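If you want the building blocks of each chain, they are given just below.
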Amino acid sequence: MDTNEFAVLKLFVVGILVNVWIMRGLSAADSFNIEPTPSRPKKPCNESRLQWEVEVCGEDFKRNMGRIDPQNWCNLTHFISEYHIFTHCTEVKSQIVHCYWPNPLVESYIIRIHKHFFSNCTIEQVVWVDPPDDTLTILILIPVFLTLAMIALVVWCSKRSDILA
């Protein structure tokens, strides 16, 4: 057996041993019982209570937004903490009544909140205008001339390879 083949074989065996050693250490079967556990019956989502709980979160948010100047409602830095508290509240209340979050009921309420507070926050459409022709011509010609100059430099250097070498 060639020495290179023997080294590859040894490396392969060592790789397998390291892989087995790592997988054995990462295995969760040693520390956990793998017997199936009886699942707890999941309670159904109480949507009527969720509606009420989300309304409570919304009223708190409306009260907090009332303390902010309406001219600052479109500036996220002025109300980010209030909005975070509102979304966290809806998430917690959803979990309390055994509903997933976000769900259509909470989303529709959040959309109503957005329409109430942030409907005037749309940004005007930016109209893109072409630059003036002189500027556009310069922006096109500079890369073209640089490319031609680089090609000429490469050709010139390749012709002078005997002197530069």
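Above this text sits the structure in question.
Residues numbered from 1 in each chain as written. Predicted model: local features only at pLDDT ≥ 70, side-chain atom pairs only at ≥ 80, totals over all residues. Heavy atoms only, no water.

Topic: the pattern of salt bridges
Where we set the bar: Any carboxyl oxygen of Asp or Glu within 4 Å of a side-chain nitrogen of Lys or Arg constitutes a salt bridge here. Secondary structure elements are defined from DSSP: runs of H or I of at least 4 residues count as helices, runs of E of at least 2 residues count as strands, and each element is numbered from the N terminus. Buried means the residue's accessible area, taken with a 1.4 Å probe over protein chains only, is under 20% of the maximum for its type, while exposed means over 50%, and partly exposed covers the values in between.
Tallied over the full model, the rule gives five salt bridges. Across the pair Lys62 and Glu59 runs a salt bridge, and its minimum N-O distance is 3.7 Å. One end of the pair is Lys62 and the other is Glu59, both in helix α2 (residues 47-66) and three residues apart, which spans about a single turn. Using a relative accessible area of 39% as the deciding quantity, one classes Glu59 as partly exposed. The residue Arg63 makes a salt bridge to Asp60 at a minimum N-O spacing of 2.9 Å. Placement of the pair is Arg63 and Asp60 together in helix α2, with a separation of three residues, close to one helical turn. What emerges from the salt-bridge pattern is a single network uniting Arg49, Glu53 and Lys93.

Here's the deal with a nonpolar patch on the surface
To keep things clear, this is the line we draw: A residue counts toward a patch only above 30% relative accessible area and without a salt bridge, and it is joined to like-charged neighbours within 9 Å or, for Val, Leu, Ile, Met, Phe, Trp and Tyr, to nonpolar neighbours within 5 Å. Note on areas: these come from Shrake-Rupley sampling with a 1.4 Å probe, and a residue is covered only by the protein chains present in the view.
On the surface, Leu136, Ile140, Leu141, Val144, Phe145, Leu148, Ile151 and Val155 cluster together into a nonpolar patch covering about 700 Å² of accessible area. Here Val155 shows up in helix α5 (residues 133-159). Residue classification places Val155 among the partly exposed positions, given a relative accessible area of 41%.

Some remarks on unusual backbone geometry
The omega torsion across Trp101 and Pro102 is -5°, close enough to zero to call that bond cis. Mapped onto the secondary structure, Pro102 falls in the loop between α3 (76-96) and α4 (104-118). The phi dihedral of His98 falls on the positive side, at around 65°, and the residue is not glycine. Relative to the assigned elements, His98 resides in the loop between α3 and α4.

Examining α4
What counts, and what does not: Given a helix with a known number of residues, its expected span is that number minus one, times 1.5 Å. Throughout, the arc means that of the directions going from the helix axis to the C-beta atoms. Only heavy atoms matter for contacts: two residues are in contact if any of them lie within 4.5 Å across the pair.
Counted at 1.5 Å a residue, the expected span for α4 with its 15 residues is 21 Å, and the 20 Å between its end C-alpha atoms agrees. Within α4, the full set of buried residues consists of Val106, Tyr109, Ile110, Ile113, Phe117 and Phe118. Projection of α4 onto a plane perpendicular to its axis shows the buried side chains occupying an angular sector of 130°, all on one side. Turned more than 90 degrees away from the buried face of α4, the exposed residues are Pro104 and Lys115. Next to the buried residues of α4 lie α2 and α3.

Section: the nonpolar core
The line we're drawing: Residues enter a nonpolar core if they are buried and are Ala, Val, Leu, Ile, Met, Phe, Trp, Tyr or Cys, with the set joined through side-chain atoms within 4.5 Å.
The biggest cluster of nonpolar side chains holds 19 residues, and the ones touching the most others in it are Phe61, Met65, Tyr83, Phe86, Phe117 and Phe118. Sequence-distant contacts of Phe118, that is, excluding residues within four places in its chain, are made with Phe61, Met65, Trp73, Phe79, Tyr83 and Ile113.

Quick look at the state of the cysteines
Cut-off, in case you're wondering: Cysteine sulfurs are considered disulfide-paired once they come within 2.5 Å of each other.
Using the criterion set out here, one finds three disulfides in the structure. The residue that forms a disulfide with Cys45 is Cys99, at a sulfur-sulfur distance of 1.7 Å. Its torsion about the S-S bond being 85°, the disulfide of Cys45 and Cys99 is classed as right-handed. Taken together, the residues Cys45 in the loop between α1 (3-26) and α2 and Cys99 in the loop between α3 and α4 connect sequence positions 54 residues apart. The exposure class assigned to Cys99 is buried, which follows from its relative accessible area of 7%. Sequence-ordered numbering of the bonded cysteines in the chain gives a pairing of 1-5, 2-4, 3-6.

Side note on α3
Rules: Bend, at a single residue, is the angle you get between axes fitted to the 7 residues ending at that residue and the 7 residues starting at it.
Between its first and last C-alpha, α3 extends 29 Å over 21 residues, near the 30 Å set by a 1.5 Å rise per residue. At Glu82, α3 shows its largest bend, some 30°. Of the residues making up α3, those classed as buried are Phe79, Glu82, Tyr83, Phe86, Thr87, Cys89, Thr90 and Ser94. Elements in contact with the buried residues of α3: α2 and α4. Looking one or two places after α3, you find His98, whose phi comes out positive at around 65°.

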